[in-house]
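Structure assessment
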Amino acid sequence: MSEKAARSDKPDEMREQAHGTLKHTQHLVGRILDSAPIVLYIYDLVERHYVYSNREIASVLGYTPKQIGALGSALFPTLLHPDDAPLVEQHHARLAVVGDDEVLECEYRMKDAKGQWRWLKSRDVPFARDRQGHCHQILGSAEDITDRKGTEQRLRESEARYRDMFEANPHPMWVFDAETLRFLAVNDAAVALYGYSRDEFLSSTIEAIRPAEDLSHMHEALDRARGNPGVDQTWARHRKRDGTLINVEIASHPLEFGGRRTRLILVHDITRRVQAEAERQHSYNLLAKLAAQVPGVIYQYRLCLDGRSFFPYSSPGMEDIYEVSPEDVREDATPVFGRLHPDDYDYIVASIQESARTLQPYHSEFRVVLPRQGLRWRLCHAIPERMEDGGALWHGIISDITDRKRAEAEKAALQDQLAQAQKMESVGRLAGGVAHDSNNMLAVIMGHTELALEQVDPNQPLYANLEEIRAAAERSAALTRQLLAFARKQTIAPRVLDLNETVSGMLKMLRRLIGENIDLTWKPASTLGHVKMDPSQIDQILANLSVNARDAISGVGKVTIETADEEFDDAYCASHQGFVPGAYLMLAVSDTGRGMDRETLAHVFEPFFTTKGVGEGTGLGLATVYGIVKQNNGFIDARSEPGLGTTFAIYLPRHAGKAATAATEGPTEAEMGGRETILLVEDEPALLKLGKTMLERWGYTVLAATTPTEAIRLAEQHAGSIHLLVTDVVMPEMNGRDLAEHLLTRYPTLTRLFTSGYTADIIARHGVLDEGVHFIQKPFSAGALAAKVREAFKART
Ligand code: ADP
Ligand code: MG
C-alpha cells in the first residue's frame with residue numbers, strides 16, 4: 001500500500017489534500033476494521049509475517065496488532081502448532097496458485113500470549129500478486145473455534161468410547177434397521193457366538209438367525225416392541241451358523257442410528273441355564289414321581305429354635321400316613337402332631353428334640369389315630385442337619401407297619417399258645433407215665449381184694465377192712481383215669497351221637513351232682529348237627545364242668561347247659577384267639593358263681609392246678625376236659641369275670657353222618673362165663689396170676705404166658721383150638737399187637753382183647769380202636785373183665 005502511495009506524481013497541494021483525504025480514509029477504514037468481531041489480517045506468504053491485523057487479534061491471541069506486527073517474520077511458524085504446520089503450509093501453497101475469487105479455509109492451532117493453544121479457522125483469499133502474478137500476500141479472517149473444537153473433540157471421544165463399549169462388549173450386540181430388519185452393526189461377541197463373519201451379518205436380516213418356525217412369533221414380538229418406547233425384554237431361540245439352536249434372553253432398545261429408526265439388541269446366551277433348569281425340572285419330576293410311588297411319605301421336617309415346626313416338603317403319601325394334605329402342614333406341623341397317639345406323643349416330641357440336639361439319625365415306631373383308618377402303626381427314619389438359626393432340618397420317610405405290628409402280636413400270642421400247649425403236652429406225658437405204672441399196681445390190689453372178699457364172711461371185721469381197701473383203690477383208679485384222659489391216652493370208642501340226646505340222658509345225674517340249691521337250666525339247640533365221640537367222654541366233660549360250677553356258687557345260683565351249631569371262618573378266627581375255622585357243635589356250661597381273675601383263668605387247664613383246699617379239689621377236672629376236647633379235635637373258650645360267673649364253651653367238630661342207635665346193654669349176669677379157651681399174656685406176674693384166677697373162676701380154660709415168646713410156644717403146643725387172646729399191649733420183647741398178628745396166621749379167627757394202662761397208639765390210631773379189636777382199661781375188676789370177654793365173644797358170632 002505504501003509503495004502504491006509513494007508512486008503518486010500529483011502536485012503538492014493536491015498531494016496534500018489527497019494525503020489528508022487518504023489519512024482520513026485510512027483512519028476510517030482502520031476503525032471499521034478494528035470494530036469487526038472477527039480477526040482480519042493481511043499475511044505475507046514470502047516474509048511469513050502479519051502485514052496487518054485488526055484489534056480483534058488481541059482478544060484471540062492476547063497480542064496487540066502492534067506486537068503482532070513487531071514480532072517479525074519468525075513469529076507465525078513459532079506460534080503455529082507443530083502438528084498443524086504441514087496443513088497450513090499446504091494451505092498457503094494452494095493460495096499462492098488459486099484464482100482471486102477463490103476462498104480457502106483452514107483450521108489450525110496457535111499459541112496465545114499465555115501459552116495456551118487456540119483453534120482458529122481462517123478463510124483466506126489471494127490479495128497481492130507480484131509481476132509474474134504469483135500471490136505473495138493473502139487477505140483473511142480468522143475465527144476462534146477453540147470452544148467448538150473442544151466440543152467436537154469430546155463428542156468424538158465419547159463416540160469412540162461408545163463404539164468401544166459396543167465393540168468390546170462381552171455380550172453379543174447388534175443394531176438392526178427397524179423397517180428392513182437388516183443388520184447395521186454387530187460386535188465381536190456376536191460374531192464369536194453366532195459363527196457368522198461381520199460381512200455375512202451385515203449382508204443379511206435378523207430373520208437369518210431365527211429358526212423358521214419361530215418367525216411369526218418374532219414378528220409379533222417386533223410389533224409389540226415397536227409400540228414400546230422403552231426397553232423390551234424377551235426370550236427367543238436363535239440359530240447359529242452351524243445350525244445349533246441356542247436359548248437367548250434379549251433386551252431391545254429403540255435407537256436413532258444415522259437418522260434411521262433402528263433397534264439396539266443385547267443378547268444373553270441362556271442355553272446352559274435353560275438346560276440346567278430343564279435338567280433340574282426333570283430330576284425334580286423324577287423324584288416327585290418316585291416319592292409318589294414310595295409306600296408311605298417322604299418329607300422334610302423343619303424345627304426352628306423358637307419351637308415352630310413345619311414340613312417344607314412332603315410327598316402325596318402324607319394323605320395316607322397322617323390323613324392331612326402336604327399343603328396343610330407346609331407352614332405348620334400342628335395337624336400332624338394332632339394325629340399322634342396320646343400315649344406316644346411325649347416320646348415322639350422328646351426323641352425329636354434329642355435328634356435335633358445330637359444330630360443323630362432319628363428312628364421311631366409309634367401309633368397314630370386317624371379319622372378314617374383308626375389306630376395305625378408308623379415307622380419313621382430321618383437324618384437331621386443343623387440349620388443356620390440353630391434349629392434342624394430332617395430328611396425322612398415314614399411308612400405303615402400296622403400289618404407287621406399285628407403279625408408280631410399274633411406271633412407272640414401264637415408262641416404263648418404253643419408254649420402253653422407244649423407245657424400241657426409234657427405234663428401230660430409225665431402224668432400218663434405215672435398213671436400207667438400205678439394202674440398195674442392198682443389192678444393187682446383191686447383184683448386180690450375182690451378175690452379175698454369172696455373168701456371172707458361178710459360178718460367178719462376183716463371184710464370191712466377189705467371193702468375199705470377196694471374203695472380206696474377204686475378212687476385211685478378213677479384219678480389215674482382222669483390223668484390218662486388229660487394225657488389223651490384214654491382209649492375211646494367213638495360213635496356218631498346226637499349231642500342233645502346224650503346231654504338229656506345225663507340231666508338227672510347232673511341235678512343230683514349239683515344239689516338242690518342250684519337251679520340247672522337245659523337249653524338245647526332246636527336243630528343240632530352230630531358229633532362223633534365216645535359218649536362216656538361227654539359224661540366226663542359235663543360232670544367236671546358241673547361240679548366246678550357247683551363249687552363256684554355259694555348258696556343259691558344257676559347253672560345253664562346249652563348247645564348250639566356254630567361255624568367260624570378265617571376272619572373270625574383271626575380275631576378270636578384259640579378258635580379254629582370250621583363247623584362245630586357248641587356245648588356250654590355257665591354258672592352265676594364267683595368267677596375267676598385272669599391269672600387263675602390262665603392256669604385252669606393245668607393238671608393239679610386247684611384253688612380248692614386239700615381234699616376238696618384235685619386240680620384234674622379241667623385238665624381232663626382239656627384232654628378230651630383236644631383228643632376230639634375241638635377247642636375250649638373259657639370266659640370269666642370275678643363276681644360275674646363263668647362260661648366254659650366247648651366246640652366239637654360237627655360230624656356229617658347220622659347218629660347210631662343207642663349202645664346195646666352189656667351182657668347180663670346169666671350170660672357171663674363160658675367154656676372157651678383163652679390165651680392170657682401179661683408180663684407182670686402178679687397181674688397174670690390174678691387174671692388167670694379170675695377167668696378160670698368164670699369157667700374158661702386159661703393158657704397163661706409172661707412173654708410173647710412163651711405165648712407163641714404155648715399156642716403151638718396146644719392141641720385144641722384157642723378162641724380168645726387176652727394180652728397186655730406194652731411188653732418188653734414184642735408188643736401185644738405184633739403178637740396178635742403173629743398168632744392170627746395160625747388162628748385166623750382169633751378174637752383179640754387188649755389190656756393196657758394206656759394204648760400208646762399201638763393198637764389204636766390216635767387212641768381210636770379198629771373194628772373187631774377189643775380193649776379193657778387197666779385196672780379192671782373181675783366183673784368188668786368177664787363182661788369184656790363175653791362182649792368179645794358175642795361180637796364174633
Ligand atoms: P378242681 O375243681 O379240682 O380245683 P379243676 O381243674 O376242675 O380242679 O379246676 C381248677 C380250678 O379252676 C378250680 O380250683 C377253680 O379255681 C377254677 N374253676 C374251675 N371252674 C370254675 C368255675 N366254674 N368258676 C370259678 N372257678 C372255677
Ligand atoms: Mg373240678
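Below or above, wherever it landed, is the structure these notes cover. (Residues numbered from 1 in each chain as written. Chains lettered and ligands numbered in written order. Predicted model: local features only at pLDDT ≥ 70, side-chain atom pairs only at ≥ 80, totals over all residues. Heavy atoms only, no water.)

Before going further, it helps to spend a moment on the layout of surface pockets. Approximately 1,300 Å³ is the volume found for the second largest pocket. Looking at the second largest pocket, it is lined by 32 residues, and the ones nearest its centre are Gln417, Gln577, Gly578, Phe605 and Ile636. Counting only elements with at least two residues in the lining of the second largest pocket, the list comes to helix H15 (402-455), helix H20 (598-601), helix H21 (621-631) and strand E21 (635-641). Ranked by the residues each element gives to the lining of the second largest pocket, the list is headed by H15, at 8 residues. (1 Å grid on protein atoms, 1.4 Å probe; cavity = no way out; pocket = protein on both sides within 12 Å on 5 of 7 lines; lining within 4 Å. Points joined across faces, edges and corners; volume = space filled by probe spheres on them. Helix = DSSP H or I, 4+ residues; strand = E, 2+ residues; numbered from the N terminus.)

Our focus in this paragraph is the site of ligand 1. Not every one of the 19 residues close to ligand 1 is listed here, only the nearest: Asp591, Thr610, Thr611, Lys612 and Gly619. Here threonine 611 contributes a side-chain N or O atom positioned 2.4 Å from an oxygen atom of ligand 1. Leucine 622 is positioned with one of its backbone polar atoms (N or O) 2.9 Å from an oxygen atom of ligand 1. Among the secondary structure elements, those contributing two or more residues to the shell around ligand 1 are helix H18 (535-552), H21 and strand E22 (645-653). (Near = heavy atom within 4 Å. Polar contact = N/O pair within 3.5 Å; in protein donor to acceptor, adjacent residues only side chain to side chain.)

Let us look at the sheet that holds strand E3 (residues 104-111). Taken together, the 5 strands give an open sheet; going across it, the order is E2-E1-E5-E4-E3, and neighbouring strands pair in antiparallel fashion. In this open sheet, the two edge strands, each paired with only one partner strand, are strand E2 (49-53) and E3. Across the sheet, the mean angle separating the axes of adjacent strands is 35° when strand polarity is ignored. Relative to strand E5 (residues 135-144), strand E4 (residues 117-129) runs antiparallel, the two being bridged by 9 bridges. (Pairing = 2+ DSSP bridges. Axes fitted to C-alpha atoms, helices over the stretch in contact; angles between N-to-C directions.)

Look at arginine 48: it is not a glycine, yet its phi comes out positive at around 55°. By the element assignment, arginine 48 lies in the loop between strand E1 (39-44) and E2. Under the relative-accessibility criterion, arginine 48 is labelled partly exposed at 34%. With phi around 70°, phenylalanine 608 is a residue other than glycine that occupies positive phi space. Its place among the elements puts phenylalanine 608 in the loop between H20 and H21. Overall, phenylalanine 608 belongs to the exposed group, its relative accessible area being 51%. (Buried < 20%, exposed > 50% of the residue type's maximum accessible area, 1.4 Å probe, protein only.)

Now for the environment of lysine 794. Looking at the secondary structure, you find lysine 794 in helix H25 (residues 782-796). By relative accessible area, which is 46% here, lysine 794 ends up partly exposed. C-alpha of lysine 794 to C-alpha of isoleucine 776: the two residues are 18 residues apart in sequence and 16 Å apart in space.

Attention now moves to the environment of glutamine 631. The residue glutamine 631 is located in helix H21 in this model. Judged by relative accessible area, glutamine 631 falls into the buried class, the value being 13%. Through-space distance from the C-alpha of glutamine 631 to that of methionine 533 is 9.6 Å; in sequence the pair is 98 residues apart. Here glutamine 537 takes part through its side chain, which lies 3.0 Å from a polar atom of the side chain of glutamine 631.

Below, the discussion takes up the packing of aromatic side chains. In this structure the tally under the stated criterion is 25 aromatic pairs. When the centroid spacing of 5.5 Å and the interplanar angle of 65° are considered together, the rings of tyrosine 196 and phenylalanine 201 count as edge-to-face. Here tyrosine 196 and phenylalanine 201 have matching classes, each one buried. Ring geometry for phenylalanine 568 against phenylalanine 579: centres 5.0 Å apart, planes inclined by 85°, an arrangement best described as edge-to-face. Here phenylalanine 568 is found in strand E19 (residues 557-568), whereas its partner phenylalanine 579 is found in the loop between helix H19 (570-575) and strand E20 (582-591), with 11 residues between them in sequence. Taking the relative accessible area as the measure of exposure, phenylalanine 579 reaches 8% and is therefore buried. In this structure an aromatic cluster arises from ring pairing among Tyr299, Tyr301, Phe311, Phe337, Tyr345 and Trp394. (Phe/Tyr/Trp six-rings, centres within 6.5 Å; stacked < 30°, edge-to-face > 60°.)

Turning next to empty space enclosed by the protein. Empty space among the atoms can be located by rolling a probe the size of a water molecule over them. Going through the model one piece at a time under the given rule, you end up with 5 cavities of 30 Å³ or more. The computed volume of the largest cavity comes to approximately 230 Å³. As for the largest cavity, its lining consists of 19 residues, of which Arg210, Met218, Leu222, Ile250 and Ile265 are closest to the centre. Every element with two or more residues in the lining of the largest cavity is listed here: strand E6 (173-177), helix H10 (215-226), strand E8 (232-239), strand E9 (245-257) and strand E10 (260-269). When its residues are assigned to classes, the lining of the largest cavity shows 12 nonpolar, 4 polar and 3 charged. Volume-wise, the second largest cavity comes out at about 180 Å³. In terms of lining residues, the second largest cavity is bounded by 15 residues, among which Tyr299, Phe311, Tyr322, Ile352 and Tyr362 are the most central. Elements that contribute at least two residues to the lining of the second largest cavity include exactly strand E11 (297-303), helix H13 (334-337), helix H14 (342-358), strand E13 (362-370), strand E14 (374-386) and strand E15 (392-400). (Nonpolar A, V, L, I, M, F, W, Y, C, P; charged D, E, K, R; others polar.)

Packing of H15 against helix H16 (residues 461-486) leaves a shortest axis separation of 8 Å and a crossing angle of 155°. It follows that H15 is roughly antiparallel to H16 by the angle criterion. When the axes of H15 and H16 are compared, the crossing they make is left-handed. Looking at the contact of H15 with H16 residue by residue, the classes come out as 17 nonpolar, 7 polar and 4 charged. (Parallel < 35°, antiparallel > 145°, perpendicular 65-115°, else oblique. Left-handed = near helix turned anticlockwise from the far one by under 90°.)

So, about the pairing of E5. Two strands pair when backbone bridges link them, and E1 and E5 are joined in this way by 6 bridges, in the antiparallel orientation. Considered in E5, the bridge of aspartate 44 is made with glutamine 137. Hairpin connection between E4 and E5: a loop of 5 residues separates the two successive antiparallel strands, and glycine 133 in this loop has a positive phi of roughly 90°.

Glancing now at the pairing of strand E23 (residues 677-681). Strand residues, when the strand is regular, have side chains that alternate between the two faces of the sheet. For E23, the tally of buried residues reaches 5 of 5 residues, placing the bulk of the element in the interior. On E23, burial covers both faces: Thr677, Leu679 and Val681 on one face and Ile678 and Leu680 on the other are all buried. Sheet topology note: the E23/strand E24 (residues 701-705) ladder contains 5 bridges and is parallel. Residue threonine 677 lies in a different strand from E24, and its bridge partner there is threonine 701. Bridge count for E23 against strand E25 (residues 724-728) is 4 bridges, and the pairing is parallel. Residue leucine 679 lies in a different strand from E25, and its bridge partner there is leucine 725.

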